[in-house]
Amino acid sequence: NAGVTQTPKFQVLKTGQSMTLQCAQDMNHEYMSWYRQDPGMGLRLIHYSVGAGITDQGEVPNGYNVSRSTTEDFPLRLLSAAPSQTSVYFCASSLGRLGSPLHFGNGTRLTVT
Amino acid sequence: GDSVTQMEGPVTLSEEAFLTINCTYTATGYPSLFWYVQYPGEGLQLLLKATKADDKGSNKGFEATYRKETTSFHLEKGSVQVSDSAVYFCALSDPSSGSARQLTFGSGTQLTVLP
């Protein structure tokens, strides 16, 4: 009954450091995505994937990389953290069909100092 | 491009009051519409959805009707409870935008219900 699992829950980075946010789902969903949530701005799409080996950019991709080597996992990499990347990050997945709802993880709260 | 506009929050109500959270949208095609709810410290959960005009989505006492003529999907509940305190997001997916799988979200409305 795990659904979408994100780790870590909290992270503090210094400017210039790199890290990977992990996301795994056990629902055999084709579609996976990463959003960032900032106050007053709703959720903005960073990157998404429609299946293993396929990724594409969303609305705000700069400073982030993704890969999709398996159906289950979709890690998000910050190459050189900046204070502007302080945010709450959500991973979400769906069956990928028209009208399919997204299933969200519980988020990673990232602070870059 | 597609966009979703929600009423500004925060909204504070007394228990058993009537709730309306307005949501209007702009889309190229015929989108599917969703309401998500986010409780403190958690991810978003699907509350209800509607996939075509005049459909009514409902769940846990909440309702929303897909109104194509006014491009709206307002969320309503007849009698709110303290446990309904959360942030509510309106969202759409538009197959005409190139990917029916992606969601465009509104900015969210914080609801606080007082006992």
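Above this note sits the structure.
Residue numbers restart at each chain and count upward from 1, following the sequence in its written direction. Chain letters start at A and ligand numbers start at 1, both assigned in the order the entries are written. The model is predicted, so local features are restricted to residues of pLDDT at least 70 and side-chain atom pairs to those at 80 or more, both for listing and for counting; the totals for chains, interfaces and linings are taken over all residues. Derived side-chain values reflect all non-hydrogen atoms in the structure, with water molecules and hydrogen atoms excluded from consideration.

Engineer: It is not clear to me how the nonpolar core should be interpreted in this structure. Could you clarify?
Structural biologist: Generally speaking, nonpolar side chains in soluble globular proteins are found buried as a group. In plain words, nonpolar cores are sets of buried Ala, Val, Leu, Ile, Met, Phe, Trp, Tyr and Cys residues tied together by side-chain atoms within 4.5 Å. Burial classification: accessible surface area is computed with a 1.4 Å probe over protein chains only, and a residue below 20% of its type maximum counts as buried, one above 50% as exposed, and the rest as partly exposed. With 25 residues, the main nonpolar core has Trp-35, Leu-47, Leu-48, Phe-73, Leu-75 and Tyr-88 of chain B as its most contacted residues. To qualify as a helix, a DSSP run of H or I must reach at least 4 residues; to qualify as a strand, a run of E must reach at least 2; elements of each kind are numbered from the N terminus. Considering each element in turn, this core owes the most residues, 4 residues, to strand E10 (residues 86–93) of chain B.

Engineer: Is there a simple way to explain the sheet that holds strand E7 (residues 64–66) of chain A in this structure?
Structural biologist: Pairing between the strands of a sheet is mediated by backbone hydrogen bonds and can be parallel or antiparallel. Residue and element names in this part refer to chain A. Any two strands are treated as partners once DSSP identifies two or more bridges connecting them. Ordered in space as E1-E3-E8-E7, the 4 strands form an open sheet in which the pairing is antiparallel. Strands at the two margins of the open sheet, each flanked by one partner only, are strand E1 (4–7) and E7. For this sheet, the mean inter-axis angle between neighbouring strands, taken without regard to orientation, is 20°. One ladder, built from 3 bridges, connects strand E3 (residues 19–25) with strand E8 (residues 76–78); its direction is antiparallel. The partner of Met-19 across the bridge, within E8, is Leu-78. Where helices are involved, their axes are fitted lines through C-alpha atoms of the stretch in contact, as for all axes, and angles between N-to-C directions lie from 0 to 180°.

Engineer: Is there a simple way to explain the interface of chain B and chain A in this structure?
Structural biologist: How large an interface is tends to be reported as the accessible area lost when its parts come together. Every residue pair with non-hydrogen atoms within 4.5 Å of one another is taken to be in contact. Contact with chain B, which involves 20 residues of that partner, is made by 20 residues of chain A. Think of a salt bridge as a Lys or Arg side-chain nitrogen and an Asp or Glu carboxyl oxygen that are within 4 Å of each other. On the surface where chain B and chain A come into contact, there are 0 salt bridges. Here a polar contact is recorded for every N or O atom pair within 3.5 Å, except that within protein the pair must consist of a potential hydrogen donor and a potential acceptor, and residues adjacent in sequence are included only if both atoms are side-chain atoms. Connecting chain B to chain A are 4 residue pairs in polar contact (both at pLDDT 80 or more). Going through the elements one at a time, strand E5 (32–38), strand E6 (44–50) and E10 of chain B are the ones with two or more residues in the side of chain B that touches chain A. Class assignment of the residues belonging to the side of chain B that touches chain A gives a composition of 9 nonpolar, 8 polar and 3 charged. Charged residues are taken to be Asp, Glu, Lys and Arg, nonpolar residues to be Ala, Val, Leu, Ile, Met, Phe, Trp, Tyr, Cys and Pro, and polar residues to be all remaining types, Gly included.

Engineer: Honestly, the state of the cysteines in this entry has me stumped. Any pointers?
Structural biologist: A pair of cysteine sulfur atoms is labelled a disulfide when the two atoms are within 2.5 Å. Inspection of every chain in the model, using the stated rule, returns 2 disulfides over all chains. Between the sulfur atoms of Cys-23 of chain A and its disulfide mate Cys-91 of chain A the distance is 1.9 Å. The chirality of the disulfide connecting Cys-23 of chain A with Cys-91 of chain A is left-handed, given an S-S dihedral of about -70°. Residue Cys-23 of chain A is located in strand E3, and its partner Cys-91 of chain A is located in strand E9 (residues 87–94); the two are separated by 68 residues in the primary sequence. With respect to burial, Cys-23 of chain A and Cys-91 of chain A carry one shared label: buried. There is a disulfide in this structure between Cys-23 of chain B and Cys-90 of chain B, and the S-S distance comes to 2.0 Å. Taking the torsion about the sulfur-sulfur bond, which here is approximately -70°, the covalent link between Cys-23 of chain B and Cys-90 of chain B counts as left-handed.

Engineer: Can you walk me through the layout of surface pockets in this structure?
Structural biologist: Unoccupied space between atoms shows up once a probe the size of one water molecule is rolled over them. Counted as a void, the largest pocket has a volume near 610 Å³. In the cavity and pocket records, a cavity denotes points on a 1 Å grid over the protein atoms alone where a 1.4 Å probe fits but cannot get out, a pocket denotes an open set with protein on both sides within 12 Å along at least 5 of 7 lines, and lining residues are residues with an atom within 4 Å of a point. What lines the largest pocket is a set of 32 residues, and nearest its centre among them are Gln-37, Val-88, Phe-90 and Arg-109 of chain A together with Gln-38 of chain B. Residue assignment for the lining of the largest pocket shows that the elements contributing at least two residues are E9 and strand E11 (108–112) of chain A together with E10 and strand E12 (109–114) of chain B. Grid points are joined across faces, edges and corners, and a volume is the space filled by probe spheres set on the points. Roughly 420 Å³ of internal volume is contained in the second largest pocket. Glu-59 of chain A together with Asp-2, Leu-103, Thr-104 and Phe-105 of chain B are the residues nearest the centre of the second largest pocket, which is lined by 24 residues in total. Only strand E5 (43–51) of chain A together with strand E1 (3–6), E10 and strand E11 (104–105) of chain B provide two or more residues apiece to the lining of the second largest pocket. With 4 residues, the single largest contributor to the lining of the second largest pocket is E1 of chain B.

Engineer: Any chance you could explain the packing of aromatic side chains here in plain terms?
Structural biologist: In this description, an aromatic ring pair is defined by two values, namely the gap between the centres and the angle between the planes. Any pair of Phe, Tyr and Trp rings, taking the six-membered ring for Trp, is counted once the centres come within 6.5 Å. Such a pair is stacked with planes under 30 degrees apart, edge-to-face with planes over 60 apart, and tilted for the rest. Summed over all chains, the structure comprises 12 aromatic pairs over all chains. Consider the rings of Phe-62 of chain B and Tyr-88 of chain B, whose centres lie 5.6 Å apart with planes at 40°: the pair is tilted. Of this pair, Phe-62 of chain B sits in strand E8 (residues 62–65) while Tyr-88 of chain B sits in strand E10, placing them 26 residues apart in sequence. Residue classification places Phe-62 of chain B among the buried residues on the basis of a relative accessible area of 3%. Residue classification places Tyr-88 of chain B among the buried residues on the basis of a relative accessible area of 0%. Among the aromatic residues, ring-to-ring pairing joins Tyr-35, Phe-90 and Phe-104 of chain A together with Phe-34, Tyr-36, Phe-89 and Phe-105 of chain B into one connected group.

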